[in-house]
Every structure is written in structure tokens, then in C-alpha cells.
Amino acid sequence: MKKITIAIDGYSSTGKSTVAKQLAKHLGYIYVDSGAMYRAVTYFAMQHGCIDHNQFDKAALLSILDDVAISFKFNPALGYAEVYLNGENVEKAIRTLAVSEFVSQIAAVPEIRAQLVKIQKEMGGNKGVVMDGRDIGTVVFPNAELKLFMTASPEIRAERRYNELLQRGEDVSFEAVLRNVKDRDFIDSNRKDSPLIKASDAIEIDNTDMDLKEQYDVILNLVNQVLNKA
Ligand code: DC
């Protein structure tokens, strides 16, 4: 069967990566979490003193950007690829609220976007890829056969993210998580370079009132319709 490209964009904590992983597993496709790449650069910036006391030193980060090597390695036990920064598995380290609080500022820097988008395009060069992010259907794969745009209310997204962080043992408040969700929505949607917008040919999925099974069924149905035509 012909392989396609599936682009999943949308607001933070809308469950993009959950459904992307499910689809990639079902179809035998590569799954790429592009947000993890922006998170890894943010983590690198924190480690190298480019973020201090709520200040982000863009020039300092750009001067060492060539030292950032991001790769993905498939973990058979998990069934998806984990992200590595200069050879270190940073899958856990990049999901903290501290990283979330800076990642949107890092992702607004055009030089950083250019570098990561180049890698993303290469990873999807042979199709058979499910990639989630903010600009996948608009910038990275404008010709993707299927584009989804995921939304849900900020409150339900914050609740999902809050529960995830608690499960990981992070000591956070619901208010801080909700503020972060809203702040990131604003920065991601209003930045100059590749803002989060729904591609004109994307299908919007509002999963505020859907459970994971309902969401997967709706999306799998859309995938099968496209595959049947491909
Ligand atoms: O999907 P996520 O929440 O892990 O993404 C983290 C941040 O990275 C998000 O706030 C915006 C940014 N991002 C982006 O600008 N472009 C992408 N393709 C993916 C993520």
C-alpha cells in the first residue's frame, strides 16, 4: 500500500502525540515528536547558562547552536522513538514544567526553527511518517496527504497535563499549568515565524469531550479514507 504523510498540529496538550503514536504503530510508520526537538534545544540552553532568572540570552544560544545534535532512537519496550541530545536520552528531562515555561520563546527564534525544520523534512523524506507539532501541515509538510488540527478547551488541556506531571512526581500547581498552557497558546499563535495556524486543508478535531478511544476511532477513519484514495 502507498505510504502517506500525516501532519498533526494543534495547541499544547491536545493529545497530538498520543494519537500520533497510536497511528504510527498501527500503520508501521515513523513517529516524530517535533515539539521534543524544540524542548531538547531548550534543555540544552538551560544546561549551558543561556537561560537564567527568567532571562533568555538568544545570542549566546545561537553561538553554540552548532553543538546541538538531536536524534531519535526507537525504544522497542515503549513502541516509539525517544529523543536524544548529544547522545543522552532526554525524554524525561525535557517534559518538566521548567522546560515548558521557556520552550515557546526558544521556538520563536527563526534560526532555531530553520535548523530543526531542515531535520524534520529529511526525516519525512520517504513518507510513511506521522509528525506532530505546530507548523507541520503549514511549513514542514505542506503537501501532506492528511492534515489534522487538534483543539480542546484550555482547562481540559491543563487538567490532562497537570495529571501527567503529578504522575511523574513533579510538584506543580494546577494554576501554574493552566497559565503555562495559555501563555504557550499565545506565543505559539502570535510569533512571526511559522505561527500556529490551521492549514486551509486541515481537518479540525476538537477533543474536549472525547475520550482516547473515540478520538482514535474518528482519526483512524479519516486515515483509512485517505489511504483508500492513495
Ligand atoms: O508539542 P509540545 O508541547 O511538546 O511543544 C513544545 C513547544 O515547542 C510548543 O510550545 C511550541 C513549540 N513547537 C513549535 O513551535 N513547532 C513545532 N513544530 C513543535 C513545537
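The coordinates are above.
Here the residue index of a chain counts from 1 through its sequence in written order. pLDDT decides what is reported in this predicted model: residues at 70 or higher carry local features, side-chain atom pairs at 80 or more are listed and counted, and totals for whole chains, interfaces and linings draw on all residues regardless. As a rule here, side-chain values cover all heavy atoms of the structure and leave hydrogens and water aside.

Chemist: For this particular structure, what's the right way to read the overall build of the protein chain?
Modeler: Under the scheme used here, helices are H or I runs from DSSP no shorter than 4 residues and strands are E runs no shorter than 2 residues, and both carry numbers assigned from the N terminus. Of regular secondary structure, the protein chain possesses nine helices and 10 strands. Taken over the C-alpha trace, the protein chain has a radius of gyration of 17 Å; the compact-globule value for 230 residues is 17 Å, and the two agree within 12%. Any residue under 20% of the maximum accessible area for its type is buried, any over 50% is exposed, and the rest in between are partly exposed; the area is computed with a 1.4 Å probe on protein chains only. Counting only residues that meet the buried cut, the protein chain has 48% of its 230 residues in that class. Residues are treated as being in contact if the distance between any of their heavy atoms lies within 4.5 Å. Here the analysis covers contacts within the protein chain between residues at least 6 apart in sequence; of these, 72% occur between residues at least 24 apart. In short, Shrake-Rupley with a 1.4 Å probe defines the accessible areas, and a residue's cover is counted only from the protein chains shown. When the accessible surface of the protein chain is summed, it comes to about 11,200 Å², and 51% of that surface belongs to carbon and sulfur atoms. For this measure, only C-alpha atoms enter the radius of gyration; the expected value for a globule follows 2.2 Å times N^0.38, where N is the number of residues.

Chemist: Looking at this structure, I do not really get the packing of helix H2 (residues 34–47) against helix H5 (residues 110–123). What am I missing?
Modeler: When two helices pack together, their arrangement is given by the angle between their axes and by how far apart the axes lie. Packing of H2 against H5 leaves a shortest axis separation of 11 Å and a crossing angle of 140°. Our pair here, H2 against H5, has a crossing hand that is right-handed. Between H2, through Ser-34, Met-37, Tyr-38 and Val-41, and H5, the contact on the second element is made entirely by Ile-112, Arg-113, Leu-116, Val-117, Ile-119, Gln-120 and Met-123. Nonpolar residues are Ala, Val, Leu, Ile, Met, Phe, Trp, Tyr, Cys and Pro. Charged residues are Asp, Glu, Lys and Arg, and all others, Gly as well, are polar. Classifying every residue of the contact of H2 with H5 gives eight nonpolar, two polar and one charged. Each axis is a line fitted through C-alpha atoms, and for a helix only the stretch in contact is used; angles between axes span 0 to 180 degrees, taken between their N-to-C directions. Whether a crossing is left-handed or right-handed is set by the direction in which the near helix is turned from the far one by less than a right angle, anticlockwise for left-handed and clockwise for right-handed.

Chemist: Help me understand the site of the ligand, please; the structure alone is not making it clear to me.
Modeler: Working definition: residue near molecule or strand if any one of its non-hydrogen atoms lies within 4 Å of it. Of all residues adjacent to the ligand, which total 15 residues, the nearest are Arg-39, Arg-113, Asp-135, Arg-184 and Arg-191. Polar contacts, as counted here, are pairs of nitrogen or oxygen atoms within 3.5 Å of one another; within protein the pair requires one atom able to donate a hydrogen and one able to accept it, and residues that are adjacent in sequence qualify only if both atoms are side-chain atoms. Within the contact set of the ligand, a nitrogen atom lies 2.9 Å away from a side-chain nitrogen or oxygen of Ser-34. Arg-184 is positioned such that a nitrogen or oxygen atom in its side chain is 2.9 Å from an oxygen atom of the ligand. If the ligand stood free it would expose 450 Å²; the protein chains cover 97% of that surface. Of all the secondary-structure elements, those providing two or more residues to the shell around the ligand are H2, helix H4 (97–106) and helix H8 (174–190). In the shell around the ligand, the residues fall into four nonpolar, four polar and seven charged.

Chemist: What exactly am I supposed to notice about unusual backbone geometry here?
Modeler: Negative phi is the rule for most residues except glycine; trans is the rule for most peptide bonds. Unlike most non-glycine residues, Asn-86 shows phi in positive territory, near 45°. On the secondary structure map, Asn-86 appears in the loop between strand S6 (80–85) and strand S7 (88–89). Relative accessible area serves as the criterion here: at 41%, Asn-86 is assigned to the partly exposed category. Its identity is not glycine, yet Lys-127 carries a phi of approximately 60°, on the positive side.

Chemist: In this structure, what is going on with the packing of aromatic side chains? I would like to understand it.
Modeler: In this description, a pair of aromatic rings is defined by centroid distance and the angle of the planes. Aromatic rings from Phe, Tyr and Trp, with only the six-membered ring used for Trp, were paired whenever their centres fell within 6.5 Å, and each pair was classed as stacked if the ring planes differed by under 30 degrees, edge-to-face if by over 60, and tilted otherwise. Within this structure, the stated rule accounts for two aromatic pairs. Ring geometry for Tyr-11 versus Phe-149: centroids 5.9 Å apart, planes at 80°, classification edge-to-face. Separated by 138 residues along the polypeptide, Tyr-11 in the loop between strand S1 (5–10) and helix H1 (16–27) and Phe-149 in strand S9 (residues 146–151) bring together distant segments of the chain. The partly exposed category is assigned to Tyr-11, whose relative accessible area is 25%. Ring centres 5.9 Å apart and planes at 85° place the aromatic pair Tyr-162 and Phe-174 in the edge-to-face group. With Tyr-162 in helix H7 (residues 154–167) and Phe-174 in helix H8, this pair connects stretches of sequence that are 12 residues apart. On the accessibility criterion, Tyr-162 (21% relative accessible area) is partly exposed. You can call Phe-174 partly exposed: its relative accessible area is 26%. Cation placement over rings: the criterion is NZ of Lys or CZ of Arg within 6 Å of the ring centroid and within 35° of the ring normal. The cationic tip of Lys-21 hangs over the ring face of Tyr-80; the distance from NZ or CZ to the ring centre is 4.1 Å.

Chemist: What is the right way to read the side chain of Gln-120 from this model?
Modeler: As for its position among the elements, Gln-120 is in helix H5. The class of Gln-120 is buried, set by a relative accessible area of 0%. For Gln-120, the contacting residues outside a window of four places in its chain are Ser-34, Met-37, Tyr-38, Met-131, Ile-136, Val-140 and Phe-141.

Chemist: Explanation requested: the sheet that holds S7 in the structure shown.
Modeler: Strand pairing within a sheet occurs via backbone hydrogen bonds; the two strands may be parallel or antiparallel. Strands sit in the order S5-S6-S7 across an open sheet of three strands; the sheet is antiparallel. Strands at the two margins of the open sheet, each flanked by one partner only, are strand S5 (70–75) and S7. The pairing criterion is simple: DSSP has to find at least two bridges between the two strands. Relative to S6, S5 runs antiparallel, the two being bridged by six bridges. Across the sheet, Lys-73 pairs through a bridge with Glu-82, a residue of S6. Packing of H2 onto the sheet brings it into contact with S5, S6 and S7, and relative to S6 it is tilted by some 25°.

These values are about where atoms sit, not about what they do.
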